[in-house]
Amino acid sequence: MTVEEILNKTKTFVQEELINAEGGHDWFHIERVYKNSLLIAKSEPVDTFIVALGALLHDIADSKFHNGDETIGPKKAREFLFNLNIDSKTIEHVVNIIENISFKSSLSPDKTIFKSPELDVVQDADRLDAIGAIGIARCFNYGGFKNRELYNPDIAPNLNMTKAEYKNSTAPTINHFYEKLLLLKDKMNTKTGQKIAQARHDYMLDFLKQFFSEWNGVK
């Protein structure tokens, strides 16, 4: 089976798995991360096949939609790739990307973090989709999906969350900007990711300035 055939089968598999997914974590999210991963990979010394598979499978079963179970996604990805006769080294690398890509993974200081150039690329692409105009749209879409308040001035952002607190948070949507989204710019791994992130970060700051002006009746 050629690389193109493998990637096409993977795309079909992901599309079918995420057919009824929440709008911020659906196939189109995967597609954007996939495209940005390939863009960033052009400037990095990486295995683009692993990058492509990691990007396509990184959210195959996001734990937030599976009662917090972080084992389902890696298991699904491993079984799928095994059935395509992908070599074990590649499978384990892709699974490691899935297990370590999330922001909440960085909140576990006791965990031995897996690192690779391929993870750096896919992680940057995933984080880029969490900021900027699309990041704002995704943030409020998920907040609506969870029936959260837009903003509550009596609930301050928690800037020192543990992984458990992050996973169980029910805070207003605006808090998420301060608890995660505005922090991502400085967590980018690659120069390309850093450059794109800066513009999207600035866009979010402008949005928040306008949001609070309107909230406070200034304009």
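Residues numbered from 1 in each chain as written. Predicted model: local features only at pLDDT ≥ 70, side-chain atom pairs only at ≥ 80, totals over all residues. Heavy atoms only, no water.

### Remarks on the side chain of Asn-175
When you line up the elements, Asn-175 lands in helix α9 (residues 173-179). Using a relative accessible area of 1% as the deciding quantity, one classes Asn-175 as buried. At a separation of 3.5 Å, a polar atom in the side chain of Asn-175 contacts the main-chain carbonyl oxygen of Ala-156. Ignoring anything within four residues of it in the chain, the contact list for Asn-175 reads Ile-155, Ala-156 and Pro-157. (Helix = DSSP H or I, 4+ residues; strand = E, 2+ residues; numbered from the N terminus. Buried < 20%, exposed > 50% of the residue type's maximum accessible area, 1.4 Å probe, protein only. Polar contact = N/O pair within 3.5 Å; in protein donor to acceptor, adjacent residues only side chain to side chain. Contact = heavy atoms within 4.5 Å.)

### As for the pattern of salt bridges
If you walk through the whole model with that rule in mind, you get 6 salt bridges. Between Arg-78 and Glu-92 there is a salt bridge, with the nearest N and O atoms lying 3.1 Å from each other. With a gap of 14 residues between them, Arg-78 in helix α4 (residues 72-83) and Glu-92 in helix α5 (residues 88-100) connect regions that are remote in the sequence. Of the charged contacts, one joins Lys-185 and Asp-186 as a salt bridge, the two residues approaching to 2.9 Å between their closest N and O atoms. Classification of Lys-185 as buried rests on a relative accessible area of 19%. Overall, Asp-186 belongs to the exposed group, its relative accessible area being 62%. It is possible to trace a salt-bridge network through shared partners that takes in Arg-32, Asp-129 and Arg-138. (Salt bridge = Lys/Arg side-chain N within 4 Å of Asp/Glu carboxyl O.)

### What about the environment of Pro-157?
Considering the arrangement of structural elements, one finds Pro-157 in the loop between α7 (132-145) and α8 (163-168). Residue classification places Pro-157 among the partly exposed residues on the basis of a relative accessible area of 33%. Along the backbone, Pro-157 and Val-121 are 36 residues apart, and their C-alpha atoms lie at a distance of 29 Å. When near neighbours in sequence (up to four residues on either side) are disregarded, Pro-157 contacts Asn-175, Tyr-178 and Glu-179.

### Details of unusual backbone geometry
With a phi angle near 65°, Asn-85 is a residue other than glycine that sits in the positive phi range. Even without glycine at this site, Asn-147 takes up a positive phi of about 55°. Considering the arrangement of structural elements, one finds Asn-147 in the loop between α7 and α8.

### Brief notes about the nonpolar core
Of all hydrophobic cores here, the largest spans 56 residues; its most connected members are Val-14, Leu-57, Leu-81, Ile-131, Phe-177 and Leu-181. Ranked by the residues each element gives to this core, the list is headed by helix α3 (residues 48-57), at 8 residues. Ignoring sequence-local partners within four residues, the contact set of Ile-131 consists of Leu-181, Leu-184, Met-188, Ala-197, Arg-200 and Met-204. (Core = buried A, V, L, I, M, F, W, Y, C linked by side-chain atoms within 4.5 Å.)

### What to know about α7
Here α7 is 14 residues long and its end C-alpha atoms lie 20 Å apart, about the 20 Å a rise of 1.5 Å per residue gives. Considered for burial, the residues of α7 that qualify are Gly-132, Gly-135, Ile-136, Arg-138, Cys-139, Tyr-142 and Gly-143. Seen end-on, α7 carries its buried residues on one side only, within an arc spanning 165°. For α7, the elements touching its buried residues are α2 (27-41), α9 and α10 (191-215). (Expected span 1.5 Å × (residues − 1). Arc of directions from axis to C-beta.)

### Description of the confidence of the model for the chain
With 95% of its residues at a pLDDT of 70 or more, the chain shows a mean pLDDT of 92. Ranking the elements of the chain by mean pLDDT puts α8 last with 78 and α3 first with 98. (pLDDT = per-residue confidence, 0-100.)

### Re the packing of aromatic side chains
According to the stated counting rule, one finds 11 aromatic pairs in the structure shown. Geometrically, the ring pair formed by Phe-140 and Phe-177 is tilted, given 6.0 Å between the ring centres and 50° between the ring planes. You can see Phe-140 sitting in helix α7 and its partner Phe-177 sitting in helix α9, a full 37 residues away along the chain. A network of ring pairs unites the aromatic residues Phe-140, Tyr-151, Phe-177, Phe-207, Phe-211, Phe-212 and Trp-215 as a single cluster. (Phe/Tyr/Trp six-rings, centres within 6.5 Å; stacked < 30°, edge-to-face > 60°.)

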